[in-house]
Amino acid sequence: MSVIVRFAPSPTGVLHIGSVRTALFNWLYARHCSGKFLLRIEDTDKLRSTEENAKAILRILKWLQLDWDGEPVIQSTRIERHKEVANKLVEQGKAYFCNCSPEELALKKEAAIKEGKSYKYDGKCRNNTTHYIEGKSVIRLKTDESGETVLDDLVQGRVVTENSQLDDLVLLRSDGTPTFMLSVVVDDHDMGVTHVIRGDDHLTNTFRHIQIYRSCGWDVPRFGHIPLIYGPDGTKLSKRHGAASAQDYIDLGYLQEAIFNYLLRLGWSHGDDEIISREDAVKWFDICDVGKSPARFDMVKLQNLNAHYMKARNNESLLASIKPFLNTELSEMQTNRILLGLDGLKSRAKTLVDLVKSALIYVEAPEAYDEVCAKYLMPENVELLKDMIKIIQSEESIQQDILLERAKALANSRDVKLVEIAQALRSALCGYLVSPSVFEIIEILGKDESIQRIRRFIDLDM
RNA sequence: GUCUCCUUCGUCUAGGGGUCUAGGACACCGCCCUUUCACGGCGGCAACACGGGUUCAAAUCCCGUAGGAGAUGCCA
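Residues numbered from 1 in each chain as written. Chains lettered and ligands numbered in written order. Predicted model: local features only at pLDDT ≥ 70, side-chain atom pairs only at ≥ 80, totals over all residues. Heavy atoms only, no water.

In an α-helix, one turn spans 3.6 residues; hence positions three or four apart end up facing the same way. Counted at 1.5 Å a residue, the expected span for helix 10 (residues 299-312) with its 14 residues is 20 Å, and the 20 Å between its end C-alpha atoms agrees. Listed as buried for helix 10 are Leu 302, Leu 305, Asn 306, Ala 307, Tyr 309 and Met 310. Next to the buried residues of helix 10 lie helix 7 (246-251), helix 8 (256-265), helix 11 (315-322), helix 12 (332-346) and helix 13 (352-359). With a side-chain oxygen positioned 3.1 Å from the backbone nitrogen of Val 300, the residue opening helix 10 is Asp 298. (Helix = DSSP H or I, 4+ residues; strand = E, 2+ residues; numbered from the N terminus. Expected span 1.5 Å × (residues − 1). Buried < 20%, exposed > 50% of the residue type's maximum accessible area, 1.4 Å probe, protein only. Contact = heavy atoms within 4.5 Å. Polar contact = N/O pair within 3.5 Å; in protein donor to acceptor, adjacent residues only side chain to side chain.)

See below:
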């Protein structure tokens, strides 16, 4: 039997980073098994679903290179089919019309809570031969009242629930629309899904889903409930923790391969391997190896991985990734300077945002200077800078090694440390005191631009 | 409240009865490299939630306890 999995996000909001991991695990499992990875957009909540959200989901999956098979299934187009299944269950006596009003049920629930009892629908309409009332009736499933339902979960292991815990869930709402419980089961069945890999928050729902499968007489797929991702405080990762959506991480300047690797290692591992390529991930991944315990999201570790993957990228592709973060178009000269400077820049950055900030030295002269730079405007430092201007002017080649040697000689003759000259130059060239090698920067900027920046700095009144 | 699940360094994890004086990675600390800061190299700190069993032997199996999380919708 070939494996068919699916990712079924609802476009009611932005794509959560936890959902991305669910998508990733589904994709990996499908590719590992040479199976199919299907996509279904669960847009039945028409009030909250938007076209933009749906598009954003597809865009992010593409960005992460999680390619899906076939066309995405749009759940809202399948409502008639869902209704058909619900009505058939009524005909077969496996479901029934319930005319209890939401208000009535809310009261019962409130009363139950007051008494400290657990609430579940009391099945008032279950044995009535109630007739359908337009706009009022819902269809409820006749859930097994006794016995137990066993779930042999691929991740969580064997989980058993007493059927008495389950109540008669709503299949079709009073407005005639299907609930998630119904839709998800019907669609998974119709799409031929063999393995349902989803977040752990669905685990208890699964017992209800199994009831529906059985009532319909359908094969129950295998389930794998992956643990949720927590924030640093150990509760479900959310907006409150800062970045929670996939787009947030893109905007923060994380590379696709870093997010892939990070999410992969959250709850899954392969011996001592930390840096794992897509190919190896596909080769090694198995849903059974996913851990049962939830993991906390660690931004710092993501940053470390991101730094690694930035260093691993070639400069052309890094430049392409940086461009969306720049608010100006680059001239050819600026582009070339950045390309040359990227080696020195990328080992110093954690994110693309960092990288862009530091790359600005190759785009334009400093707009402002850090206060600490003022120190290098003292007369003796200005003298050093003037000497450096002479050196830069006189050298035929301003190759960084040569400049370094000349600067060392200058330091010697003036009886100062090289660091004094370097920091003075850095102030002039960058406007701050942390950067790649100043001699490299001079080489890349060229004689004219370098001298111009130094002169401008010397003339400053700080 | 009820149901379900989870618990190894700060974090992600390896481990599945003896090879565990518990391994790796991130973070942190120190040293080296060094024109700054990074990178890189070397080293260090640091964990089996607790209590009972089972066993010659338990991080590993069982039972409790504690803590945490999720579910408990005519949301998905």
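Next comes the rest of the account.
Bringing helix 17 (residues 438-445) into the picture now. Most of helix 17 is tucked away: seven of the eight residues are buried. For helix 17, every residue scored as buried is listed here: Val 438, Phe 439, Glu 440, Ile 441, Ile 442, Ile 444 and Leu 445. Buried positions along helix 17 lie against helix 12, helix 14 (379-394), helix 15 (400-414), helix 16 (418-430) and helix 18 (447-458). One side-chain oxygen of the residue at the start of helix 17 lies 3.2 Å from the amide nitrogen of Phe 439, identifying that residue as Ser 437. Backbone geometry just downstream of helix 17 places Gly 446 in the positive-phi region, at approximately 90 degrees.

With that settled, the discussion passes to unusual backbone geometry. Unlike most non-glycine residues, Gln 65 shows phi in positive territory, near 60 degrees. You can see Gln 65 is positioned in the loop between helix 2 (51-63) and strand 3 (73-74). Classification of Gln 65 as partly exposed rests on a relative accessible area of 41%. In the Ramachandran plot, Asp 415 falls in the positive-phi region, its phi being about 60 degrees despite a non-glycine side chain. Residue placement: Asp 415 occurs in the loop between helix 15 and helix 16.

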